[in-house]
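Structure at a glance
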Amino acid sequence: MFATPSRREFIATASMAAIAARSLAAQPNPDSMFNFEQIETNGVRLRCAVEGDGPLVIMVHGFPELWYSWRHQIRPVAEAGYKVVVPDVRGYGGSDKPEAIAAYDMTNLTGDVVGLIDAMDEDQAVLFGHDWGAPICWNTATLHPDRIAAVAGLSVPFFQRGAVPSMDQWRALYGNGFFYQLYFEPEGVAEAALEADVRTGLRKLYYTISGDGADAPLHSLSHPEPVDDPVAMMVDPDPFPAWMTEADLDYYTAAFEQGGFRGPLNRYRAQARDWELLPQLSTAQISQPSLFIGGSEDPVRTFVPGVDIYAGAAANCTDFRGSTIIEGEGHWIQQEAPGAVNTALLAFLDGLG
């Protein structure tokens, strides 16, 4: 079942979130807004925001983000009676950054999540994941079902393992044209493009696949012809939409200038390894209560040409609690529409009993 709330339906909640966002942006150091711990897990140390008390909720970010992409969700969920742990995923921000591609395979990333549950002395956790964080959470739920109480995926629905590795699928679909994951595959190429001017690269990417960038070049993250320099092809908006402030962009920029993009990009390069190591995902199902949230203008929705992949979000989820598709919004859904996302997530948590 699909619910399609409009911005008007969430105007009161969204207004409150906007006020909170402005308050957060006004702080000279966003790190001062939350408590942080360095947590040992699965052979790495992850820097985590840790707030609240109660049942454990872990929020996992995607590419190219940080714990900070969940800044609008942490306190509302903690105040609802949960202990919230939000890591910088390995390779990002204040967390360890292994060099090897193999360090970023799904076995390691799901192991990191289970290690966080262990570190909190809990038997189970509820998982929220966005972008790459969504597959990390979905797959943790399938590979470690006894450790996960429920899971919500943002922007990326649950997918079983395909008949061929995903990069082979993208090559078959896009041929000689441009698709961002194929562009990310060669080591060093995307790193050089993004690290040449981190702030501009992030600014362009965040805008391009947001709801505001729905008509921008490369909004689909694909192009029928080869593209040698996708960053140059993207629009640099002036001004940037209000959902991300200059202070927000400062925070992301500083983290990626310091840590670089190799670790984050290695997640894409590890997909062939996932396919080889995890054949059990071919028949995997999500048995826990599950939820999907996405933006109507998210390019992930049309990654397979001619197919609305959000329409199949319930596939292979045996206790699916519904989809919330937020009209007019794009890929950075919990930042673009924090009020609507918080409403959906809190209702999901409340329904767990």
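Up top you'll find the structure we're talking about.
Residues numbered from 1 in each chain as written. Predicted model: local features only at pLDDT ≥ 70, side-chain atom pairs only at ≥ 80, totals over all residues. Heavy atoms only, no water.

Structural notes on the environment of R301
The condition that has to hold: Each helix is a run of H or I in the DSSP string that is no shorter than four residues. Each strand is a run of E no shorter than two, and both are numbered from the N terminus. Think of it in three bands: with a 1.4 Å probe and only protein chains considered, a residue is buried below 20% of the maximum accessible area for its type, exposed above 50%, and partly exposed in between. By the convention used here, residues are in contact when the closest approach between their heavy atoms is within 4.5 Å. We define a polar contact as two N or O atoms separated by no more than 3.5 Å, with the added condition that, inside protein, one atom must be a possible hydrogen donor and the other a possible acceptor, whereas residues neighbouring each other in sequence contribute only through side-chain atom pairs.
Relative to the assigned elements, R301 resides in the loop between strand 10 (286–295) and strand 11 (317–326). Accessibility expressed as a relative area gives 19% for R301, which makes it buried. Separated by 31 residues in the primary sequence, R301 and W332 place their C-alpha atoms 13 Å from one another. Beyond its immediate sequence surroundings of up to four residues, R301 is in contact with S296, V307, D308, I309, Y310 and I325. For R301, the side chain forms a polar contact with the side chain of D308, separated by 2.9 Å.

Looking at the pattern of salt bridges
Using the following cut-off: A carboxyl oxygen of Asp or Glu within 4 Å of a side-chain nitrogen of Lys or Arg is what we treat as a salt bridge.
Applying the stated criterion to the full structure yields 17 salt bridges. Sharing partners across several salt bridges, the network here consists of R199, R203, D236, E246 and D250.

Some words on the packing of helix 2 (residues 71–79) against helix 14 (residues 338–350)
The condition that has to hold: For helices, the axis comes from a line fit to the C-alpha atoms of the stretch in contact; other axes are also lines fit to C-alpha atoms, and the angle between any two N-to-C directions lies between 0 and 180 degrees. Handedness of a crossing is defined here by the sense of rotation of the near helix relative to the far one, left-handed for an anticlockwise turn of less than a right angle and right-handed for a clockwise turn. Charged residues are taken to be Asp, Glu, Lys and Arg, nonpolar residues to be Ala, Val, Leu, Ile, Met, Phe, Trp, Tyr, Cys and Pro, and polar residues to be all remaining types, Gly included.
Where helix 2 meets helix 14, the closest approach of the two axes is 10 Å, and the angle between their N-to-C directions is 35°. Helix 14 is crossed by helix 2, and the crossing has right-handed handedness. Across the interface between the two elements, H72, Q73, P76 and V77 from helix 2 touch P338, V341, N342, L345, L346 and L349 from helix 14. Across the contact of helix 2 with helix 14, the residue classes tally to seven nonpolar, three polar and no charged.

Focus: the pairing of strand 5 (residues 83–87)
Quick note on the threshold: DSSP-based pairing: two strands are paired if at least 2 bridges between them are found.
Within strand 5, four of the five residues are buried, which leaves it mostly tucked inside the rest of the structure. Here strand 3 (residues 44–51) runs beside strand 5; their pairing, made up of four bridges, is antiparallel. Opposite C48, over in strand 5, you have P87 as the bridge partner. Sheet analysis places strand 4 (residues 56–60) next to strand 5, joined by three bridges and oriented parallel. From the neighbouring strand, V57 faces strand 5, where its bridge partner is V84.

Description of the pairing of strand 11
Look at any regular strand and the pattern is simple: side chains alternate between the two faces of the sheet. The buried count for strand 11 comes to seven of ten residues, which makes it a mostly enclosed element. As judged from the seven bridges shared by strand 10 and strand 11, these two strands associate in the parallel manner. Its bridge partner being in strand 11, I286 is matched across the sheet by C317.

Describing unusual backbone geometry
Cis peptide bonds are those with omega within 30 degrees of zero, and the linkage from F63 to P64 qualifies with -20°. Residue placement: P64 occurs in the loop between strand 4 and helix 2. Omega for the bond connecting D238 with P239 falls within 30 degrees of zero, at 5°, which places this linkage in the cis form. Here the phi dihedral of N42 falls at roughly 55°; this positive angle occurs in a residue that is not glycine. Unlike most non-glycine residues, D121 shows phi in positive territory, near 55°. With respect to the helices, strands and loops of the structure, D121 is situated in the loop between helix 3 (106–119) and strand 6 (125–130). Accessibility expressed as a relative area gives 69% for D121, which makes it exposed.

Examining helix 3
Keep this limit in mind: The span expected for a helix works out to 1.5 Å for each residue beyond the first.
With 14 residues, helix 3 extends 20 Å from end C-alpha to end C-alpha; this agrees with the ideal 20 Å at 1.5 Å per step. Most of helix 3 is tucked away, with ten of its 14 residues classed as buried. Residues of helix 3 that are buried include every one of M106, L109, T110, G111, D112, V113, V114, G115, L116 and I117, and no others. Where helix 3 begins, one side-chain oxygen reaches toward the backbone nitrogen of T107, 3.2 Å away; that side chain belongs to D105.

Focus on the packing of aromatic side chains
Test applied: Geometry of aromatic contacts follows a simple scheme: Phe, Tyr and Trp rings, the Trp one being its six-membered ring, pair when their centres are within 6.5 Å, and the pair is stacked under 30 degrees between planes, edge-to-face over 60, tilted otherwise. Ring-over charges, as used throughout, are those where CZ of Arg or NZ of Lys falls within 6 Å of the ring centre and within 35 degrees of the ring normal.
Tallied over the full model, the rule gives 29 aromatic pairs. Summarising the aromatic geometry, the rings of Y68 and Y251 are spaced 4.6 Å apart at their centres and angled 35° between planes, so their arrangement reads as tilted. Within this pair, whereas Y68 is found in the loop between strand 4 and helix 2, its partner Y251 is found in helix 10 (residues 246–259), the two being separated by 183 residues in sequence. Take Y68: its relative accessible area is 0%, and that puts it in the buried class. The interplanar angle of 65° and the centroid separation of 4.9 Å between the aromatic rings of F184 and Y268 together place this pair among those described as edge-to-face. Placement of the pair is F184 in helix 6 (residues 180–184) and Y268 in helix 11 (residues 262–269), with a sequence separation of 84 residues. In this structure, F184 and Y268 share a single accessibility class: buried. Taken together, the ring pairs in this structure connect F63, W132, W170, Y174, F178, F179, Y180, Y183, F184, Y268 and F303 into an aromatic cluster. Across from the ring centre of F36, 3.9 Å away, lies the NZ or CZ of R47, which sits over that ring. Of note, R161 hangs over the ring of W275, and the distance from its end group to the ring centre comes to 3.8 Å.

Here we look at the nonpolar core
The test is simple: By convention a nonpolar core is built from buried Ala, Val, Leu, Ile, Met, Phe, Trp, Tyr and Cys residues, the set being connected through side-chain atoms within 4.5 Å.
Residues I58, F63, F128 and Y206 are the most contacted members of the largest nonpolar core, which totals 108 residues. If you tally residues by element for this core, the top one is helix 14, at six residues. With residues near it in sequence (within four places) discarded, F128 still touches V57, I58, M59, V60, W70, V77, C137, A152, L345, F348 and L349.

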